[in-house]
Each structure stands twice: as structure tokens, then as C-alpha cells.
Amino acid sequence: MSPVALSLLALAAATVHSVSAQSTFPPTALADKHFAYPTGIPYKVDTDEGLIRGHQAGYNICNSTTENQHSLCQTTFLNSIDDFCLWAPIEPESMVANTEGEMVAWCTKPGRGTRLIPNGALRGVQFMKTPDYVQVVGFIDQSKINIKGDDWGGEMDPHGADLRGNPMGGLFYSNAFSGNKDNYVQVIEWHNFMGGNAFCLKACDPAGPNAAHFCEHRLDRIGCQFNAPNNAQNGTFEACEGDNQDYPGVYTVDGQVMTYTQPPEDQGAIATMPYTARIPSSSNCVAHTSEVLYKALAAVTAPGDSSSAPAAPTGTGKPSGSSGGAGTTKGSSTGTAGAAGASQTGNDAETLVVGGMMGALGVVFSMLFFA
Ligand SMILES: *[C@@H]1O[C@H](CO)[C@@H](O)[C@H](O)[C@H]1NC(C)=O
Ligand SMILES: *[C@@H]1O[C@H](CO)[C@@H](O)[C@H](O)[C@H]1NC(C)=O
């Protein structure tokens, strides 16, 4: 499909979403539904009838019966570098923008009734613990978790225009805040960008006074670079401690604190950004080996694994090749890569593709566009 067609498709999808937002809200917003883990969790969290986006795609009680690569488990986790889940589509070759309401959990560890991330899909992961949140940023062969290889992606969070969340009914827990591995707290504020063969996922400590700010969910078109600024590297697996980021969209110029406002989609692509997000300092990074971290995934394969390898650079301007993001562009690299914090100069054709996509879709690797 041409970039133009893709953009039109995405615009159509975006229009449908905003119509639904105006028309129907659940009596209780997802972010206001709180359940103790594991005993308080209902079979489905989103059960209201007659809402425009339809029914919750999966379920929230997940167990050994649901643990397989067809699981529709929508209860997810972020605990540590070796123990987290990402939201990804149910069916292969899906676009994030079309499936954000129905995403299911894909995890690095068995035992929670979810799908598992196929072996070799994760290519670099940085876990960061700060005073107010835990965050995981990484590089992934996204075709192995059902995201179309050339999809620049979008953003999931527990709000959404109609307050049912993306995915609808998705629940999130972590044991990273309690100081006790067996004590899971519900994460009320989180955001997850998926696309461009990269991801970032931030879970804000519900006990922190500014969880909603650190896990801001409105800047869905400017990617990880601005929502989760980081220095994660493709090929590196590490767990660190760090300082807090600035709130997404908040930046300081000449001592003056400014707030970025994301323009509405009908104003077209976001062509320039007035700032570069500050990457907070980090320390105590511990390097890991993926085979050790994710040894439980060794036998997990993706359907059609052989065709899911990233395409070689084409330079044709077609959004072929997954690694579009960072991998396939030409020119000198001016930074690290993609969603991750990455910047890389692109040839004009691919920059155009990214620009077109950015108009309508959230993107993970926004720096590409500015390079
Ligand atoms: C396992 O999960 C499924 C799907 O949510 C549910 O229907 C079933 O009751 C659960 N089984 C047990 C023993 O909890
Ligand atoms: C990460 O590195 C792998 C292996 O070199 C490469 O195939 C992939 O395209 C890279 N991903 C990104 C997003 O740059």
C-alpha cells in the first residue's frame, strides 16, 4: 500500500475513533476501576453494553488454561528486565492504529496465562527504575508479535478517547513498587508505544503524587523520544537506576519552563518540534545476556518465523522492511536509534513516508522525521 493510502486509512480510523469518543462513555472509566491482584480480578473488566467500540476483546482472569500463543489475556505486567509484557495484536500483520483497542499481553515469562514473546524477537532492552516509575525501552522484531513490519505504530494507555482504555479493559500490575516480589500493585497510569521495531513502556508508581504526569497519555504522536527519553541501545540488555524524566511535553529553554501542545491531527503531519527532550542521568547499570534473561522463551516461535526477518535496506521509499525505523535508512547516524532515543538521518523517500505516517498515526521513532 502506498504511504498516501496508508495515511488515508489511518485518518479514516482516527475519525471513527473520535466519533465514538463523543458518542459514548462507560459509566466508570477504566482508570477508575481498581482490583486487587490476583483474587479481585473479574473475568472481564469492561462489560458495559451498547458502547460504540463494542466488547472487550479478551479477558482479565488468565491462568494455565489460557496460556498459549492464542491467549486473549489482557492483564499485563512490568516488573523487571526479565519480567515484563508488551501490548500487541491478536492477529498477525496487524497495524497498531487499527488494533489498539484489542491488544493482548505478550510476556517474557510463562506462568501468567499470556502469550509469550517469541525467541529472538527482543534485540535490545533497557530497564530503568526511577523514584516515580519503572520503564522498559527496547528493540524488537515486531512482526514476531503480530505487528506489521512496516508499521510506525502508536500508543496504548488506560484512557483512550472514550475512557475505556487501549486496549479496552486492559489491566496492569507490577511488583516493582512494593519491595516484595509477591506483592503486586495495580498500575493506574502507564503508557506504551509500539512500532518501528521498537517500544517503550512506562508504569508509574501509583503511590507517587505525579503518576499521571510522568505517564502522560496525550502526546501520542511524538513517540518514545519525547514521552520516554532514554539512551537504550539496540543489541544491549541492561537494567539501570535513573533520575525521573521531565513530564512528557514539559521542557526548559533558557531557564523558562515550557509546555508543548500537540497539534490536532487535522492540521496534518507534525513537521517540527520546538525542543529535544532531556534524557535523565542513570547509574548502576547492570549488563545482561538475552539468552539468560529470556531463557524461558527459547522454544517459543512466531508463526511464519522465516518471513519475519527484517528486510534489507531498499532506498526506494516504500515502507517495506520492518526496521524502517532505524535500520533501513541511509546516511550518517546522528544518535542512537529510534523509539529508543534514537535518531538517524533518513533518505528523503523514507523521511517522506515517516512524515506521512506521522500525520495520522502515533509514531514510536519520531526522531527519524526530524533528522
Ligand atoms: C482460567 O481462565 C479462564 C479465562 O479467563 C476462566 O474462564 C477460567 O475460569 C479460569 N480457571 C480457573 C481455574 O480459574
Ligand atoms: C536492531 O538490530 C538488529 C540486528 O542488528 C537489526 O536487524 C534491527 O533492524 C535493529 N532494529 C532497529 C529498530 O534498529
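Residues numbered from 1 in each chain as written. Chains lettered and ligands numbered in written order. Predicted model: local features only at pLDDT ≥ 70, side-chain atom pairs only at ≥ 80, totals over all residues. Heavy atoms only, no water.

In the annotation of an unreviewed UniProt entry, the protein chain is listed under the name Macrofage activating glycoprotein and assigned to Collybia nuda.

S.K.: Mind showing me how you'd approach the packing of aromatic side chains here?
M.R.: The description of an aromatic ring pair uses the distance of the two centres, along with the angle that the planes make with each other. A full pass over the atoms with the stated rule returns 16 aromatic pairs. Ring centres of Y133 and F214 lie 5.8 Å apart, and the angle between their planes is 50°; on these two criteria the pair is classed as tilted. One end of the pair, Y133, is in strand β6 (residues 133-140); the other, F214, is in helix α3 (residues 211-214), and 81 residues separate them in sequence. Given a relative accessible area of 6%, F214 falls into the buried group. Judged by centre distance (4.0 Å) and plane angle (0°), the rings of Y251 and Y275 are stacked. With a gap of 24 residues between them, Y251 in strand β13 (residues 250-253) and Y275 in the loop between β14 (256-259) and β15 (282-288) connect regions that are remote in the sequence. Residue classification places Y275 among the buried positions, given a relative accessible area of 8%. Ring pairing ties together the aromatic residues Y37, F77, Y173 and Y184, which thus form one cluster. Of note, R112 hangs over the ring of F77, and the distance from its end group to the ring centre comes to 4.3 Å. Just above the ring of Y133 sits the side chain of K202; from NZ or CZ to the centre is 5.2 Å. (Phe/Tyr/Trp six-rings, centres within 6.5 Å; stacked < 30°, edge-to-face > 60°. Helix = DSSP H or I, 4+ residues; strand = E, 2+ residues; numbered from the N terminus. Buried < 20%, exposed > 50% of the residue type's maximum accessible area, 1.4 Å probe, protein only. Lys NZ or Arg CZ within 6 Å of the ring centre and 35° of its normal.)

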